[in-house]
Amino acid sequence: MFAAERRQLILEMVRANGAVSLRELARVVQTSEVTVRRDVRALEAEGLLDRRHGGAVLPGGFTRESGFPQKSHLATAEKTAIADLAAGLVEEGEAIVVGAGTTTQELARRLARVPGLTVVTNSLLVAQALAHANRVEVVMTGGTLRGSNYALVGSGAEQSLQGLRVSKAFLSGSGLTAERGLSTSNMLSASVDRALVQAAAEVVVLADHGKLGTDTMFQTVPTDVITRLVTDEPPVHDDRAATELQALADQGVAIAVAGASGGEPVPAGRQPRRDVPLPGPRRSQVSGGGPQLRSATVLGEPPTGDRARVADLRRR
């Protein structure tokens, strides 16, 4: 298939579905993801589509939000790797809040195995994933249901979170930049996520590499409030994601990078399998024997056992 034919087919698929993963595009046009990524970049340069979350979406990301059916098929391997790593942050008997999203839904499926856990959420998908967990208590917020992402939003959801205090908040979003932090395309979702953040001592953001460097309309969590980022290994030539990771690390965000191929988590700034180009002096600092987050190395992590300093990261 010629390049022009491939790109026309890619464009038709995106227009028909709203959002399509690179993996699915490569399968349909019968070529590699590297070639499809090149085609998507060319179409984006012409203003015909936008690159998002390991796939392609209709243009206009600042005003348009993909629904759950589209999001659930994007970056599935990356979300699985992120969820596997993030689940290691949750301890037996903890109380946490988990926001809405397809990545947090993957996390919830793994949290079902953590005994004595209490999960507060505004997501029907998260609650459903934990519904049959015998030793996990699920607390739902109030609010109005948003059918596009199966989340409870509005004043009812926000009021039900007042006075709540938990150890950690796990959130996803539409984009993440070092300059502005986590953001989303919907005002109501952003408002509830901010209320979830206010309830937690630590804020953990789950974002695949496709969201790094992407900025959307409504800020959810400013960078100085984010304690930790759990993400996947960017492709070798994804300079935007690598640069954004370094900028976030420079601002004090602890970063754990998991391998998207389902193997061992890949430490940020090292090269055990593929090069993850984090520019600047941080590359030489990472190998200094820092503490381990399961099998992933963490950038900017406070010393183990000194939990009081974890919350200080939020105020850097």
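A short tour of the structure in this document, coming up. Treat the numbers as computed from the prediction; the structure is a model and nothing was measured.

Side note on the environment of arginine 180
- Position of arginine 180 among the secondary structure elements: in the loop between β10 (175-177) and β11 (181-184).
- Considering only alpha carbons, one finds arginine 180 and threonine 223, 43 residues apart in sequence, at a separation of 6.2 Å.
- Setting aside anything within four residues of it in sequence, one finds arginine 180 in contact with Asp215, Thr216, Met217, Phe218, Gln219, Val221, Pro222 and Thr223.
- At 2.6 Å, the side chain of arginine 180 and the backbone oxygen of methionine 217 are in polar contact.

What about the pattern of salt bridges?
- One pass over the full model with this rule turns up nine salt bridges.
- Across the pair glutamate 94 and lysine 168 runs a salt bridge, and its minimum N-O distance is 2.6 Å. Of this pair, glutamate 94 sits in the loop between α5 (76-87) and β4 (95-98) while lysine 168 sits in strand β9 (residues 166-171), and the two are 74 residues apart along the sequence.
- Exposure remark for lysine 168: the relative accessible area of 4% places this residue in the buried category.
- A salt bridge links arginine 228 to glutamate 202, with the shortest nitrogen-to-oxygen separation between them at 3.6 Å. A residue pair is termed long-range when its members are at least 10 positions apart, and arginine 228 in strand β14 (residues 228-232) and glutamate 202 in strand β12 (residues 200-206) qualify at 26 residues. The residues arginine 228 and glutamate 202 share a single accessibility class, namely buried.

Cut-offs used in this document
- Residues numbered from 1 in each chain as written.
- Predicted model: local features only at pLDDT ≥ 70, side-chain atom pairs only at ≥ 80, totals over all residues.
- Heavy atoms only, no water.
- Helix = DSSP H or I, 4+ residues; strand = E, 2+ residues; numbered from the N terminus.
- Contact = heavy atoms within 4.5 Å.
- Polar contact = N/O pair within 3.5 Å; in protein donor to acceptor, adjacent residues only side chain to side chain.
- Salt bridge = Lys/Arg side-chain N within 4 Å of Asp/Glu carboxyl O.
- Buried < 20%, exposed > 50% of the residue type's maximum accessible area, 1.4 Å probe, protein only.

Honestly, that's just the spatial picture; any functional story needs more than this.
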